[in-house]
Amino acid sequence: MDFTFSEEQQAAAEAARGVFADVAPDAVPSPAMTTGAVADEFDRALWARLADADVLSLLLAEEYGGAGLDAVALCLVLRESARVLARVPLLENSAAMAAVQAYGGPELRAELLERAGRGEVVLTVAASGRTGHDPAELAVTARLEEGEGADWILDGVQTAVPWAYDADYVVVPAHTTADRTVLALVSRVHDGVTPAEQFSTSGERLGELRLESARIAARDVIDVEGAWEWLRDLLTTGTCALALGLGERVLRMSSDYTSKREQFGFPVATFQAVAVQAADRYIDLRAMEVTLWQAAWRIAAGARGTLPVAGDVAVAKIWASEGVRRVVQTAQHLHGGFGADVDYPLHRYHAWAKHLELSLGPAAAHEEVLGDLLAAHSLG
């Protein structure tokens, strides 16, 4: 079997690498030195360059101006973005577009996809639920009015919505009285929709989205079985790709620092205690990588397996949430006090890593999900 990336996937990563080449991780105020958001909005100039390089439309079909690539290509690009802490809604916008393309109606696809692929319309996803610990689809109720062409009425709260103040539309999962999950595309400025400021550990502005009898047109609601589960898996796998890219950059920073820092006349990288810790973190990153590509491949190929895709995603989350924390903690230890210097970017990577860890959730919860899947599906 050939496990190498395709030429198209490698070209996507190369294009992203070129765009991100001059991105400075410390281009905005440090989250350690600000009480609110580090910036009023995301990096619009970078967003425009990504659009010009056709990176935003990777997952779109050719008929919508895209390259027709898959989740593996997206994760390769996200990996590059995390290495420089790129402040753009690349994951959320790409995943939302892919869901609309796969499950949305023709009118919705025609209205949004090409414009979103060009960066003219920005999409995000409310995936954290009411508290960040409960299923997102249970945080909002959706009721369909009677009659042909009737609207949907949404009520509830979604917390920690990324880029909520910048996106034009938020994809909101909601449950119906028939115990189904629908995806509603909610305009940021809409009657019955009220955002409240929240801030991530990385200093980015999030939003608590309150919906009170928000009326959404039927054409803007995706009522297809499996749509939310597919979108959720893609978002989660993309977050694991961000954790991998960030972790790889941090380990490289640690390697560079310990190779130059000397004690007793020798680089500290030559000390056994330092080398062992770095080696352990390298193993973490390789485990994060292999489980990421397994989950991304399952999503991209739609391949059947003994366990559903959720099993592979759970394994990737276990390694990513634990691994990214261990990598940055070890980096801080190996850097000593220098790692906390706000003029050095490591503390920013630590703040972003904590945000990713919180977004993914604790490994123990994913192990429980995996255990339930193993109990429900015979491996024999």
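Structure first, text after, so check above.
The notes below deal with the structure included here. Treat the numbers as computed from the prediction; the structure is a model and nothing was measured.

Thresholds, definitions, all that
- Residues numbered from 1 in each chain as written.
- Predicted model: local features only at pLDDT ≥ 70, side-chain atom pairs only at ≥ 80, totals over all residues.
- Heavy atoms only, no water.
- Helix = DSSP H or I, 4+ residues; strand = E, 2+ residues; numbered from the N terminus.
- Contact = heavy atoms within 4.5 Å.
- Buried < 20%, exposed > 50% of the residue type's maximum accessible area, 1.4 Å probe, protein only.
- Pairing = 2+ DSSP bridges.
- Core = buried A, V, L, I, M, F, W, Y, C linked by side-chain atoms within 4.5 Å.
- Polar contact = N/O pair within 3.5 Å; in protein donor to acceptor, adjacent residues only side chain to side chain.
- Expected span 1.5 Å × (residues − 1).
- Arc of directions from axis to C-beta.

Tracing the backbone through its elements, the reader meets Leu185 in strand E5 (residues 181-187). Sequence separation between Leu185 and Glu322 is 137 residues, and the spatial gap between their C-alpha atoms is 33 Å. Those residues in contact with Leu185 that sit more than four places away from it in its chain are Val100, Leu108, Leu112, Tyr169, Val170, Val171, Ile216, Asp220 and Ile222.

The next subject is the pairing of strand E4 (residues 169-175). The buried fraction of E4 amounts to five of the seven residues, a majority that puts the element mostly inside the structure. Bridge analysis of strand E1 (residues 123-125) against E4 gives three bridges, and the strand direction is parallel. Looking at E4, one finds that Thr124 is bridged to Val170. The sheet contact formed by E4 and E5 spans seven bridges and is antiparallel. Paired with Val172 across the strands is Ala184, a residue of E5. Hairpin connection from E4 to E5: five residues lie between these consecutive antiparallel strands, with Asp179 at a positive phi of about 65°.

Counting 90 residues, the largest nonpolar core has Phe20, Leu50, Leu231 and Leu246 as its most contacted members. A per-element tally of this core places helix H6 (residues 227-260) first, with 14 residues. Discounting residues that sit within four places of it in the chain, Leu231 has contacts with Ala95, Ala96, Ala99, Val125, Val171 and Leu183. In terms of nonpolar packing, the next biggest core, distinct from the first, is built from 20 residues, Ala126, Val161, Val186 and Leu211 among them.

Tracing the backbone through its elements, the reader meets Thr176 in the loop between E4 and E5. In this structure Thr176 touches Ala142, Trp152 and Val182, once residues within four positions along its chain are discounted.

Right, let's talk about the side chain of Arg79 for a bit. Within the secondary structure layout, Arg79 lies in helix H3 (residues 71-83). In this structure the side chain of Arg79 is engaged in a polar contact, spanning 2.7 Å, whose partner is the side chain of Glu248. With residues up to four places along the chain from it excluded, the contact list for Arg79 reads Ala241, Leu244, Gly245, Glu248, Arg286, Glu289 and Trp293.

This part takes up helix H10 (residues 363-376). Here H10 spans 20 Å end to end across 14 residues, near enough to the 20 Å set by a 1.5 Å rise per residue. Residues of H10 that are buried include every one of Ala363, His366, Leu370 and Leu373, and no others. Down the axis of H10, the buried set is contained in an arc of 80°. They therefore lie on one face. Opposite its buried face, H10 presents the exposed residues Ala364, Glu368, Ala375 and Ala376, each directed more than 90 degrees away. Along its buried surface, H10 packs onto helix H8 (309-335) and helix H9 (346-360).

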